[in-house]
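Below, each chain spelled out in residue letters.
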Amino acid sequence: MVRLAAFAVALFIVAPMFIVVPMSFSTAISLEFPPPAYWLGYYRNYFTDPNWLRPTFNSVIIAAASAMITMAIITPAAFAMVRSRFRGKALVNLLLMLPMAAPSIVLALAYYYFLGGMRLTQTHLGVILAHVALSVPISFLVLAASLKGFDRNLERAAMNLGATPLKTFFLVTFPVLRPGFIVSAFFAFIHSFDETVVSLFISGRDAATLPRKMFDSVRMDADPVIAVVSTLLFSLVFCGTVVIAVANHRRRQARISRG
Amino acid sequence: MGARVSGRGLSRALYSAGGSSHWLLLAPVVLFLAVFAVLPLLKVVQFSLTDPKVSLDNYVHVFGSGFYLKTMLGTFMTAFIVAALCLVLAYPVAYVAARAGGWIAALLLLAVAMSFWTSFLVRTYAWMVILGSQGPIVALLKTLGFQSPQLLFTNFSAILAMVHIMLPFMVMALYAVMSKIDPNLLRAATSLGARPFQAFRTVFLPLSAPGIVTGFSFVFIICLGFYVTPVLLGSPRSQMIAGVIGDHIEYSLAWGEASAIAVVLLVITLALFAIYNRYVGLDRMWG
């Protein structure tokens, strides 16, 4: 009974997303389902229309840049927060969580004023700076969690054996923590790539991101290319999650069979 | 943010607990957030108090107007309904995933991960197709003989899509707690004569309470400030508070008034976070 309910809810979670796939091959101009006929025309439109390609490139560049800056500033902070105790730590923790706690529409308004005053609205730099602030909380939490599980005896052993602290960091600390770094950077990248509300109000035409373009085309209800973009994005997620789930499951099976 | 931190200073900062070197490590992120998070938010507070003139008029207006009070009340109601529905739907999924393990858990968590990582614009668009006037549900209702109802652009469509979008968060919050509950506790309860449901109610349910609190608070707080989905799918006549702020940015020049509503929303949200942090702890949010 409970299992049936669980699977019914899981179906409710995944099934609706698949409807974007047939929609992307539809010839219909509006949201008609089932599609009247199928073709590939809107795929051709997506891959040739600069109004879609430019926001796609913008999003990739902005997400990559903000992920790099985010990692650069949160990595030292994660070491300080996990490894030392000091006065004001609780306050720093609250500051680090602020961009997650504040509603995105309020931050959108704030950046609209603030970046506008610095003439940074409608620029890539403005969107990157805003996205770095927005990515800090989640990336920090992920990195700090992996740092908490790190066995410091490994570092002590390396230093006992004569490694300098920097050597220890690059030969021991960083390689052990690499999965944590990668996941944390990935969260920063995706957070920026999917961020809609702030981009909507500050990215303008030149720095328009893909979510902004998608939002506009959903709202105007005019551009069927949105179905193509949705299908491409969903396919990436579908393949990525399935591959990771299968790999995890295999690894667990292997561990069980080894005893 | 010294560009030339000496190797010795850096290593001392990374590996020792004493001294004040931790501030060296914290400086970049603290300075960055002070300039690019705190200052912009203070700017909103400043506008709310000074535009068009220095006064509390904007707040008097916000709290005195039936429209804003109705919007705020409606937003709270919607957020509560979404969080409650998410809890009811997510609980069995997290429960089965935590208790069954194996391929069943793998499959359920795969469904959750797939939705979690898919942009919520994609999910919102999917619901527009499903609930649209030329969509499958309306077609089904028509063949069953009902006259075609308006599904899209109603509170119903907004709530349905928000529940769908927030469900993965709720499942993960519950699963993080449930997967750590020792199954021997349930076995002990049943071997002492408790019926399965009794064992669940008196042992498992209370132990899963931290996950319930975390998931519910998180979904509720996010929904208070939800912009995209209600704006695209909801009824234009009963907007949520974020939508009203967005309209102000786009169409009106009443900066002071928009800022005052934003400050009210910000204060309510931060207060809820502070209460949550005080009683549960923000670091518990991620299991």
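Bear in mind the structure is a predicted one, so any value in this text is a computation, not a measurement. (Residues numbered from 1 in each chain as written. Chains lettered and ligands numbered in written order. Predicted model: local features only at pLDDT ≥ 70, side-chain atom pairs only at ≥ 80, totals over all residues.)

**Student:** When you look at the overall build of chain B in this model, what are you seeing that I'm missing?
**Tutor:** Each helix and strand in chain B was counted, giving 14 helices and 0 strands. For 287 residues, the compact-globule formula gives about 19 Å, and the C-alpha radius of gyration of chain B, at 24 Å, lies well above that figure. Principal axes of the C-alpha set define a box for chain B whose edges measure 65 × 65 × 35 Å. Every one of the 287 residues in chain B was classed for burial, and the buried ones make up 46%. Considering only intrachain contacts with a sequence separation of at least 6, the fraction spanning at least 24 residues in chain B is 73%. (Helix = DSSP H or I, 4+ residues; strand = E, 2+ residues; numbered from the N terminus. Rg over C-alpha atoms; globule rule 2.2 N^0.38 Å. Buried ≥ 20, exposed ≤ 12 C-beta atoms within 10 Å, placed from the backbone. Contact = placed C-beta atoms within 7 Å.)

**Student:** Help me understand the overall build of chain A, please; the structure alone is not making it clear to me.
**Tutor:** For chain A, the count of helices and strands is 12 helices and 0 strands. Reading the secondary structure of chain A in the N-to-C direction produces α-α-α-α-α-α-α-α-α-α-α-α. The principal-axis extents of the C-alpha atoms in chain A amount to approximately 70 × 60 × 35 Å. Out of the 259 residues belonging to chain A, those deemed buried represent 44%. Sequence-distant contacts in chain A: of pairs separated by 6 or more residues, those separated by 24 or more amount to 72%.

**Student:** Where do I start with the interface of chain B and chain A in this structure?
**Tutor:** If you look at the interface, chain B gives 73 residues, while chain A gives 73 residues. For the side of chain B that touches chain A, the element with the most residues is helix 2 (residues 22–50) of chain B, which contributes 16 residues. Residue classes in the side of chain B that touches chain A are distributed as 56 nonpolar, 15 polar and 2 charged. (Nonpolar A, V, L, I, M, F, W, Y, C, P; charged D, E, K, R; others polar.)

**Student:** Is there a simple way to think about unusual backbone geometry in this case?
**Tutor:** When glycine is set aside, most residues are seen to have a negative phi, and most peptide bonds are trans. With an omega of -5°, the peptide bond between F33 of chain A and P34 of chain A qualifies as cis. On the secondary structure map, P34 of chain A appears in the loop between helix 2 (20–24) and helix 3 (41–48). Cis peptide bonds are those with omega within 30 degrees of zero, and the linkage from D51 of chain B to P52 of chain B qualifies with 0°. With respect to the helices, strands and loops of the structure, P52 of chain B is situated in the loop between helix 2 and helix 3 (57–64). A positive phi angle, close to 65°, is found at Q122 of chain A, a residue other than glycine. Its place among the elements puts Q122 of chain A in the loop between helix 6 (104–117) and helix 7 (124–148).

**Student:** Sorry, what's going on with the nonpolar core here?
**Tutor:** In globular proteins that are soluble, nonpolar side chains generally tend to be buried together. All names here are of chain B. In terms of nonpolar packing, the biggest core is built from 166 residues, with A94, M166, V219 and C223 touching the most fellow members. Here the element with the most residues in this core is helix 8 (residues 155–178); it accounts for 18 residues. Aside from chain neighbours lying at most four places away, what touches C223 is T78, A79, V82, A83, M162 and M166. (Core = buried A, V, L, I, M, F, W, Y, C linked by C-beta atoms within 7 Å.)

**Student:** Got a minute to help me understand the packing of helix 4 (residues 50–83) of chain A against helix 7 of chain A in this structure?
**Tutor:** Any two packed helices are characterised by how steeply their axes cross, that is the angle between the axes, and by the distance between the axes. Residue and element names in this part refer to chain A. Packing of helix 4 against helix 7 brings their axes to within 6 Å, and their N-to-C directions diverge by 45°. By the criterion of interaxial angle, the relationship of helix 4 to helix 7 is oblique. Crossing of helix 4 against helix 7: the hand is right-handed. Classifying every residue of the contact of helix 4 with helix 7 gives 18 nonpolar, 8 polar and 1 charged. (Axes fitted to C-alpha atoms, helices over the stretch in contact; angles between N-to-C directions. Parallel < 35°, antiparallel > 145°, perpendicular 65-115°, else oblique. Left-handed = near helix turned anticlockwise from the far one by under 90°.)

**Student:** Is there a simple way to think about helix 11 (residues 210–220) of chain A in this case?
**Tutor:** The α-helix winds at 3.6 residues per turn, so residues separated by three or four positions along the chain end up facing the same way. Along helix 11 of chain A, 8 of the 11 residues are buried, which leaves the element largely enclosed by surrounding structure. The complete set of buried residues in helix 11 of chain A reads L210, P211, R212, K213, M214, F215, S217 and V218 of chain A. Contacts from the buried residues of helix 11 of chain A go to helix 4, helix 9 (165–194), helix 10 (197–202) and helix 12 (225–258) of chain A together with helix 6 (120–131) and helix 12 (228–233) of chain B.

**Student:** What is the right way to look at the environment of V228 of chain B in this model?
**Tutor:** If you trace the backbone, V228 of chain B turns up in helix 12. What makes V228 of chain B buried here is the crowd of 26 C-beta atoms within 10 Å. Considered as a pair, V228 of chain B and I245 of chain B are 17 residues apart in the sequence and their alpha carbons are 12 Å apart. Those residues within four positions of V228 of chain B in sequence are excluded, and the remaining contacts are T196, V197 and F215 of chain A together with F120, L121 and T124 of chain B.

**Student:** Explain the environment of F114 of chain A here, please?
**Tutor:** Locating F114 of chain A in the fold gives a position in helix 6. Judged by the 25 C-beta atoms lying within 10 Å of it, F114 of chain A is buried. Beyond its immediate chain neighbours, meaning those up to four positions away, F114 of chain A contacts L39, P40 and K43 of chain B.

**Student:** Explain the packing of helix 6 of chain A against helix 2 of chain B to me, please; I cannot follow it from the model alone.
**Tutor:** Contact geometry of helix 6 of chain A with helix 2 of chain B gives a least axis separation of 8 Å together with a crossing angle of 90°. For the element pair helix 6 of chain A / helix 2 of chain B, the angle class is roughly perpendicular. For the pair helix 6 of chain A and helix 2 of chain B, contact is made by V106, L109, A110, Y111, Y113 and F114 of chain A and by L39, P40, L41, K43, V44 and F47 of chain B, respectively. Considered class by class, the residues forming the contact of helix 6 of chain A with helix 2 of chain B number 11 nonpolar, no polar and 1 charged.

**Student:** I tried to follow helix 11 (residues 209–224) of chain B on my own but got confused; where do I start?
**Tutor:** Residue and element names in this part refer to chain B. Here helix 11 spans 22 Å end to end across 16 residues, near enough to the 22 Å set by a 1.5 Å rise per residue. Along helix 11, the residues that are buried comprise G211, T214, G215, S217, F218, V219, F220, I221, I222, C223 and L224. Among the structural elements, helix 4 (66–100), helix 8 and helix 14 (255–279) are those in contact with the buried residues of helix 11. (Expected span 1.5 Å × (residues − 1).)

**Student:** Honestly, the environment of G135 of chain B in this entry has me stumped. Any pointers?
**Tutor:** Here G135 of chain B lies in the loop between helix 6 and helix 7 (136–143). Sequence separation between G135 of chain B and S252 of chain B is 117 residues; the distance between their C-alpha atoms is 35 Å. Ignoring any residue separated from it by four or fewer positions in sequence, one finds G135 of chain B in contact with L31 and F33 of chain A together with V129 and I130 of chain B.

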